[in-house]
Amino acid sequence: VSLQAALDPYSATKIYLTWGAEEIGVEEAYIYWTGLPGNVRADLGKFRMAVGQLNRWHPHALPETNYPLVYQAFLGEDGLSGVGAGLYTLLPVSIAKGTSEVFLQGAAIESEPLNDAAYQPALLGRLANFWQLSRSTYMELGFTGLGAEDSDNDLTSNLLGADLRFTIRPPDAGNRKDITWRTEGYRLQRVGPDPTTTRYGMYSDLSWKLSQRWILGARYDFVEAPLGPEDDTWRATAVATWWQSEFVYLRLQAFRNHLDSTGSLDNLTLQVVWAMGPHKHENY
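Keep in mind that what you see is a predicted model, and the values were worked out from it rather than measured.

Rules used throughout
Residues numbered from 1 in each chain as written. Predicted model: local features only at pLDDT ≥ 70, side-chain atom pairs only at ≥ 80, totals over all residues. Heavy atoms only, no water. Helix = DSSP H or I, 4+ residues; strand = E, 2+ residues; numbered from the N terminus. Rg over C-alpha atoms; globule rule 2.2 N^0.38 Å. Buried < 20%, exposed > 50% of the residue type's maximum accessible area, 1.4 Å probe, protein only. Contact = heavy atoms within 4.5 Å. Areas by Shrake-Rupley, 256 points an atom, 1.4 Å probe, with all protein chains shown as cover. Pairing = 2+ DSSP bridges. Patch = residues over 30% accessible without salt bridge, like charges linked within 9 Å, V, L, I, M, F, W, Y side chains within 5 Å. Salt bridge = Lys/Arg side-chain N within 4 Å of Asp/Glu carboxyl O. Lys, Arg positive; Asp, Glu negative; His and termini not counted. Charge placed at Lys NZ, Arg CZ, Asp CG, Glu CD. Phe/Tyr/Trp six-rings, centres within 6.5 Å; stacked < 30°, edge-to-face > 60°.

Enquirer: I'd like to hear about the overall build of the protein chain, residue by residue, with values.
Expert: Helices and strands together make up the secondary structure of the protein chain, namely two helices and 15 strands. The C-alpha radius of gyration of the protein chain comes to 19 Å, within 12% of the 19 Å expected for a compact globule of 284 residues. Overall size of the protein chain, expressed as C-alpha extent along the three principal axes, is 60 × 50 × 45 Å. Looking at the protein chain as a whole, 43% of its 284 residues qualify as buried. Looking at the protein chain alone, contacts between residues at least 24 apart form 48% of all its contacts between residues at least 6 apart. Put simply, the protein chain shows about 14,700 Å² of open surface, and 60% of that area lies on carbon and sulfur atoms.

So, in structure tokens, the structure goes:
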């Protein structure tokens, strides 16, 4: 359930409530101010943190039914959110004739991989760069750094990531033709009373919009276990999405998941997503 409102000419708020078999929760609930000095935007409340390209997206907007494995393993099953404050702005200077944006965020997080779910502060910085290569070709290159801790157990974690995206979208067929390829890679290091561990993970995703209604996609995931003995997981995913309308889509997804210690698992999922009110299928 999404609640959104412009509070006054200076600020707005967004609230996202979720529920499942065992709980009703708050996914996000924050106020933000725009047009501050220096064209800065300020956020205050609970929000999804700006890790990579997809962590800020809500699950219904993802190109597959779930977050990449590296997000689940290094951030948490549902990605990473926290309660705190953030600043966002566009850089006043151009990098290689592109446009650049900067995120600075500090929030209390509960993440088993990052701080053993200790609900303690984490700091994040992100630089994202955008280039319009031609009338139909777009490129994004981003870098993320995040530090977290569990001071009660002398644990500190550092996450470094890089992400790349290419999109081809003909201007005269933008709602019918689109090919997007994105890939992200991460390094997670945990330093504490246990031996220091350094783990790596990545994913690569291709989405091909065939028409206004049909989208085909594929994703490859690889991640090393962030905790305990090193155990590698890879996953190959294929997905077909049919948009009934702007407000309803159906998706069929199949994947093979391979964990070194237990072998392979096959999965087939049918997903139905619908939207009412002001919050349609919003991508950031």
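Enquirer: Quick rundown of the pairing of strand 15 (residues 263–274)? Include the residues and the values.
Expert: Relative to strand 15, strand 14 (residues 248–259) is paired through twelve bridges, and the arrangement is antiparallel. Across the sheet, the residue bridging to Leu-252 is Leu-270, located in strand 15. If you look at the hairpin formed by strand 14 and strand 15, you'll find three residues sitting between the two strands.

Enquirer: Outline the pairing of strand 11 (residues 197–209), listing residues and values.
Expert: Only one face of strand 11 is covered, namely the one carrying Thr-197, Arg-199, Gly-201, Tyr-203, Asp-205, Ser-207 and Lys-209; the face carrying Thr-198, Tyr-200, Met-202, Ser-204, Leu-206 and Trp-208 has none of its residues buried. In this sheet, strand 11 lies alongside strand 10 (residues 178–191) in antiparallel orientation, the contact comprising 13 bridges. Bridge pairing in strand 11 places Arg-190 opposite Thr-197. The antiparallel hairpin formed by strand 10 and strand 11 contains five residues in its connecting segment.

Enquirer: Report on a negative patch on the surface, specifying residues and quantitative values.
Expert: Side chains of Glu-22, Glu-23, Glu-77 and Asp-78 sit close together on the surface and give a patch of like negative charge. Inspection of the secondary structure puts Asp-78 in the loop between helix 1 (69–74) and strand 5 (81–90).

Enquirer: Quick rundown of the environment of Leu-54? Include the residues and the values.
Expert: Tracing the backbone shows Leu-54 in the loop between strand 4 (40–48) and helix 1. We classify Leu-54 as buried; its relative accessible area is 2%. Between the C-alpha atoms of Leu-54 and Tyr-67, which are 13 residues apart in sequence, the distance is 7.7 Å. In contact with Leu-54, other than residues within four places in its own chain, are Leu-62, Pro-63, Tyr-67, Pro-68, Tyr-71, Arg-182, Glu-184 and Tyr-203.

Enquirer: Any details on the packing of aromatic side chains? Residues and values, ideally.
Expert: Per the stated rule, a full pass over the model turns up nine aromatic pairs. Ring centres 6.0 Å apart and planes at 45 degrees place the aromatic pair Tyr-30 and Tyr-32 in the tilted group. A residue is classified by how much of its surface remains accessible, and Tyr-32, at 16% relative accessible area, is buried. Judged by centre distance (6.2 Å) and plane angle (15 degrees), the rings of Phe-166 and Trp-181 are stacked. You can see Phe-166 sitting in strand 9 (residues 155–168) and its partner Trp-181 sitting in strand 10, a full 15 residues away along the chain. Residue classification places Phe-166 among the partly exposed residues on the basis of a relative accessible area of 30%.

Enquirer: Outline the pattern of salt bridges, supporting the account with residue identities and numerical values.
Expert: Throughout the structure, instances matching the rule amount to nine salt bridges. Its salt-bridge partner being Arg-126, residue Glu-140 comes within 3.6 Å of it at the nearest N-O pair. Within this pair, whereas Glu-140 is found in strand 8 (residues 137–150), its partner Arg-126 is found in strand 7 (residues 120–132), the two being separated by 14 residues in sequence. Owing to a relative accessible area of 8%, Glu-140 belongs among the buried residues under this scheme. Put simply, Asp-221 and Arg-219 hold a salt bridge, and the shortest N to O gap is 2.8 Å. Across the pair, Arg-219 and Asp-221 agree in class, each one buried. Where salt bridges share partners, they join Glu-64, Arg-219 and Asp-221 into one cluster.

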